[in-house]
Amino acid sequence: ITERTKGLLPVHLYGQCVDLAPLKELAAKHGLSLLEDCAQAHGARQNGTVAGSTGDAAAFSFYPTKVLGAYGDGGATITSDEAVERKLRRLRYYGMEERYYTVETPAHNSRLDEVQAEILRRKLKRLDAYVDGRRAVARRYEEGLGDTELKLPKTTPGNEHVYYVYVVRHPARDEILERLKAYDIHLNISYPWPVHTMTGFAHLGYGTGSLPVTEKLAGEIFSLPMYPALSTDLQDKVVHAVREVLSAL
Ligand SMILES: Cc1ncc(COP(=O)(O)O)c(C=O)c1O
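Rules used in this analysis
- Residues numbered from 1 in each chain as written.
- Predicted model: local features only at pLDDT ≥ 70, side-chain atom pairs only at ≥ 80, totals over all residues.
- Heavy atoms only, no water.
- Near = heavy atom within 4 Å.
- Polar contact = N/O pair within 3.5 Å; in protein donor to acceptor, adjacent residues only side chain to side chain.
- Areas by Shrake-Rupley, 256 points an atom, 1.4 Å probe, with all protein chains shown as cover.
- Nonpolar A, V, L, I, M, F, W, Y, C, P; charged D, E, K, R; others polar.
- Helix = DSSP H or I, 4+ residues; strand = E, 2+ residues; numbered from the N terminus.
- Buried < 20%, exposed > 50% of the residue type's maximum accessible area, 1.4 Å probe, protein only.
- Core = buried A, V, L, I, M, F, W, Y, C linked by side-chain atoms within 4.5 Å.
- Domains from an automatic or database assignment.
- Contact = heavy atoms within 4.5 Å.

A.B. asks: Even after reading the chapter, I still don't get the site of the ligand, so can you show me in this structure?
C.D. replies: Surveying the vicinity of the ligand reveals the residues Val11, Asp37, Ala39, Gln40, Ser61, Lys66 and Gly74. Between the ligand and aspartate 37 there is a distance of 2.7 Å, counted from a nitrogen atom to a side-chain nitrogen or oxygen. Between an oxygen atom of the ligand and a side-chain N or O atom of serine 61, the distance comes to 2.6 Å. Summarising the interface, the protein chains cover 56% of the accessible area of the ligand, which totals 390 Å² for the free molecule. Of the residues in the shell around the ligand, the class split is two nonpolar, three polar and two charged.

A.B. asks: Help me understand the environment of serine 247 in this model?
C.D. replies: With respect to the helices and strands, serine 247 occurs in helix 7 (residues 232–247). Serine 247 sits in the exposed class, given a relative accessible area of 63%. With 98 residues separating them in the primary sequence, serine 247 and glutamate 149 have C-alpha atoms 9.7 Å apart.

A.B. asks: Looking at this model, I keep getting lost on the nonpolar core. Mind explaining?
C.D. replies: Taken as a class, soluble globular proteins show a tendency for nonpolar side chains to be buried jointly. If you look at the biggest cluster of nonpolar residues, it comprises 45 residues, and the most contacted ones within it are Tyr141, Tyr166, Phe222 and Leu224. Shared between two domains, this core takes at least three residues from each, and those domains are domain 1 (7–124) and domain 2 (127–247). If near-sequence neighbours (up to four positions away) are discounted, leucine 224 is found in contact with Tyr141, Leu145, Tyr166, Val168, Leu187 and Val242.

Here it is in structure tokens:
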């Protein structure tokens, strides 16, 4: 934290909330905003509080793959602060306070398309069912892979995980992914490059070697298939293939 720091931006990665209490305290101590990135955490809870309701504001993505996804791009921000709400409404609509009078720039056109809004409104009613489906998939992975040397995701005390992505770890990650291709299983890595190693963020002055733990983990993680409609048959095939590959290493 320096005199230039304006806010903290915890990212509730993979569907589980970052421990918010210490960040809230830190933000209050230094007069910073606390903004929650809830793009992967629709419906997640921490100590009973739903993701997005602890910070000064929160952002959600409704990209189609998300826990609550539209049929195209979309997103929303939420806040309980009226001044922040007014500003957000201006920023999403050319900086206008009233039609057609711009009071601040730069601003954007970030309206949510009405068709997407209606799709989301209907799907929102099913959010709990989507999350239950994801949790059932997670439970089956725990039953099927819990006794292997694969490191499975852990839910920290007080958290209710929504499993947007089911990320596991193994030092032989690349070999495992290669061998799974023989079973026609092609898995994703979320995410292969830590932000600080990307060319686009080189200007921040970090780079490879500056965050060794992050870099090590980025070389070991991969994601198992995770979506509410994943059938037990398909999931059993994945579990079986992963077990075979692990035992042949
Ligand atoms: C953690 C996180 N933050 C932000 C975003 C950006 O959301 P969008 O693509 O809707 O702009 C995403 C996903 O795309 C995300 O996973």
